[in-house]
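Chains, contacts and geometry: an overview
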Amino acid sequence: MRGRELRGELDAFLTETEQDLVAFRRDLHRHPELAFAEYRTTRRIAERLTAAGLTPAIMPRGTGIICEVGSGDGPTVALRADIDALPLQDEKDVSYRSTVAGACHACGHDVHTTILLGTSIFLARQAEAGLLPGRVRLLFQPAEELPGGALEVMAQGGISGVDRIFGLHCDPRVDVGQVGLKPGPITSACDKLAIRVSGPGGHTARPHLTADLVFALAKILTELPAALSRRVDPRSSLSLVWGRVEAGSAANAIPDDGIAEGTVRCLDENAWHAAPDLIKALLESVASAYGVEATMDYTRGVPPVVNDEVSVQMLAEAAARALGEGSVVPTQQSLGGEDFAWYLESIPGAFARLGTRSPDGGVEYDIHQGTFDVDERAIGHGVRFMAATALTALWEGARADIPDELPTLADSL
Ligand SMILES: [Zn+2]
Ligand SMILES: [Zn+2]
C-alpha cells in the first residue's frame, strides 16, 4: 500500500472517527492534569487503546503509557505525544473550558494526545490487516512541562530497540492543514546558573588587606558574558544573562559573600554541552584574580531539539502523502524548550509543527496563554500526518538511507 491508497484509508477512518476524537480532546480539555498527576488522562487513553485491541502498559507512577503496535522483524518507529497540562487559568469561554481551577491545556497537549490516540487506533487496524511492516511504539509521555517526563519514559525502556522517533507540536502561527518542518535545531536550550562568591570580608577602608568582594562580583557579572562571547562560536547564540544579584548590607563594610543568578540560552547542541565547564573555568579565573572563592550551581534544562535530516525528509514525504502537495512550510528555530530533545540525544528522529490556526479566523493565539485554542480540524490532519509518518518510516526502513525516489525537503518547501 502506498500514497493514494493510504489517503483513501485515512479518509475512511476519519469519516468514522473524527467526531469522536474531537469529543475525546474536549473531555481532556475539561479535565486537565499537571505534570506527573495525569492519572485520569492515562486511564482514558488506556481504555481506548484496550478497546482497539492493544495492550497499553501504564508507567510505574501511574501516569503515562507505553504501548506497541505490530510484531515481526521490521524496523521499530516511535511516535510520542505529551499528555500534561499547564498551571494556568483557562480564560476561554467555550463549552469545553477547563473545570479545574489553575490548570489548563494551554500548550495543546490534549490535541497531541488525541492525535496519537487516533493514530494508534488506525495503526492497530493496519496491523490486524497485516499491513504494518514493523512495529510502532506509542509513547504517551507525562510531564513535558516540568520537564523530565521524557527521561522517565527512557528509564522505562521506552525507546529501547527504536530506530527512529517522531513527535509534533501545535503551532498557532501555521495554518491548519499545514506542517512546519526544519532540519537541524528547531527549539533551544535554557539552563539556570547560580554563583556564590565568598571572601574574608572587612572594612571598605582597607580592601587591599582582604578581598574586595563586591568589586570581584561586579567583574564576574561583566566579564563572564563578555568572555563567553569570545570563547564560543557566535552562531550558537550562547547567551548568559543575569537576573538577580545580591551582596552586602552596609556602605562601609566589605561583605563576606554574594550571589548572582541568571540563565544560559543556546541554539547549538555542542555549545550547550560545553557550556558548564567553560563557564566554571572562566568564573574561577576571574575570581582568583581578585582573591575570592567562587562556586557555581548549574541547573540543566533541556537541550535543543535537533532534527535528523533523513527523518525530516520522511515527515515531508508523509505530509505530501497524507495532507497533499504544498502542505509543508518552512519553520524557524524557536527560543522555547521541549523535552523531546532528550530522545534525539539517543536516537535519530524529528519534531514537526502542526498548524492549528484558522486561516480566516481573525484570532491570533499563542501557547502558554489562558486563551489558547486550536482549529480542531488539526486533530484529523494530525492523525493523517502521524499515521503516514509511521508507515513512511517503516516502508523506507528506519535504518536505511533515503532511496532516490523520495523527494527532498527542498522539493517540498
Ligand atoms: Zn508548553
Ligand atoms: Zn508543549
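Everything below is about the structure shown above.
In what follows, the accompanying structure is described. Please read these numbers as outputs of a predicted model, since none were measured by experiment.

Considering the overall build of the protein
Assigned secondary structure in the protein consists of ten helices and 16 strands. Taken along its principal axes, the extent of the C-alpha atoms in the protein is 85 × 50 × 45 Å. By sequence separation, contacts in the protein at least 24 residues apart represent 82% of the contacts at least 6 residues apart. In the form shown here, the protein has an accessible surface area of approximately 17400 Å², with 49% of it arising from carbon and sulfur atoms.

Observations concerning the packing of helix 5 (residues 213–231) against helix 6 (residues 269–289)
With their axes 10 Å apart at the nearest point, helix 5 and helix 6 run at an angle of 135° to one another. Viewed along their axes, helix 5 and helix 6 adopt a mutual orientation that is oblique. Crossing hand, helix 5 versus helix 6: right-handed. Judged by residue contacts, Lys219, Ile220, Glu223, Leu224, Ala227, Leu228 and Arg231 of helix 5 engage Leu278, Ile279, Leu282, Leu283, Val286 and Ala287 from helix 6. Split by residue class, the contact of helix 5 with helix 6 holds ten nonpolar, no polar and three charged.

Points about the sheet that holds strand 10 (residues 239–247)
If you trace the four strands from one edge of the open sheet to the other, you get 10-12-8-13, paired in antiparallel fashion. Looking at which strands have only one partner, the edges of the open sheet turn out to be strand 10 and strand 13 (293–299). Ignoring strand direction, the axes of neighbouring strands in this sheet form an average angle of 20°. Note: strand 8 (residues 189–198) against strand 12 (residues 257–266), ten bridges, orientation antiparallel. Within strand 12, the position partnered with Arg196 by the bridge is Ile259.

Things to note about the sheet that holds strand 15 (residues 328–330)
The strand order across the open sheet built from eight strands is 1-2-4-3-5-16-6-15, with neighbouring strands paired in mixed fashion. Edge positions in the sheet fall to strand 1 (57–58) and strand 15, since each of these pairs with one other strand and no more. Here strand 3 (residues 76–82) pairs with strand 5 (residues 164–175) via four bridges, running parallel. What sits directly across from Leu79, in strand 5, is Phe166.

A look at the coordination of the zinc ion (ligand 2)
Listed as protein donors to the zinc ion (ligand 2) are Cys107 (SG), His109 (NE2) and His169 (NE2); their distances from the metal cover 2.1 to 2.4 Å. Along the chain, the residues that donate to the zinc ion (ligand 2) are spaced as C-x1-H-x59-H. Separating the zinc ion (ligand 2) from the zinc ion (ligand 1) is a gap of 3.1 Å, which Cys107 spans by donating to each of them. There is no split in this pair, since Cys107 and His109 are both buried.

Describing the coordination of the zinc ion (ligand 1)
Those protein atoms acting as donors to the zinc ion (ligand 1) are Cys107 (SG), Glu145 (OE), Glu145 (OE) and His368 (NE2), and they sit at 2.0 to 2.8 Å. Taken together, the four donor atoms coordinating the zinc ion (ligand 1) and their angles of 51 to 149° define a geometry best described as irregular. Taken in sequence order, the residues that donate to the zinc ion (ligand 1) follow the motif C-x37-E-x222-H.

Conventions and cut-offs
- Residues numbered from 1 in each chain as written.
- Chains lettered and ligands numbered in written order.
- Predicted model: local features only at pLDDT ≥ 70, side-chain atom pairs only at ≥ 80, totals over all residues.
- Heavy atoms only, no water.
- Helix = DSSP H or I, 4+ residues; strand = E, 2+ residues; numbered from the N terminus.
- Contact = heavy atoms within 4.5 Å.
- Areas by Shrake-Rupley, 256 points an atom, 1.4 Å probe, with all protein chains shown as cover.
- Axes fitted to C-alpha atoms, helices over the stretch in contact; angles between N-to-C directions.
- Parallel < 35°, antiparallel > 145°, perpendicular 65-115°, else oblique.
- Left-handed = near helix turned anticlockwise from the far one by under 90°.
- Nonpolar A, V, L, I, M, F, W, Y, C, P; charged D, E, K, R; others polar.
- Pairing = 2+ DSSP bridges.
- Donors = N, O, S within 2.8 Å, 3.2 Å for Na, K, Ca; no water.
- Buried < 20%, exposed > 50% of the residue type's maximum accessible area, 1.4 Å probe, protein only.
- Tetrahedral: all angles 85-135°; square planar, octahedral: opposite > 155°, others 65-115°.

Keep in mind these numbers describe shape, not what the thing actually does.
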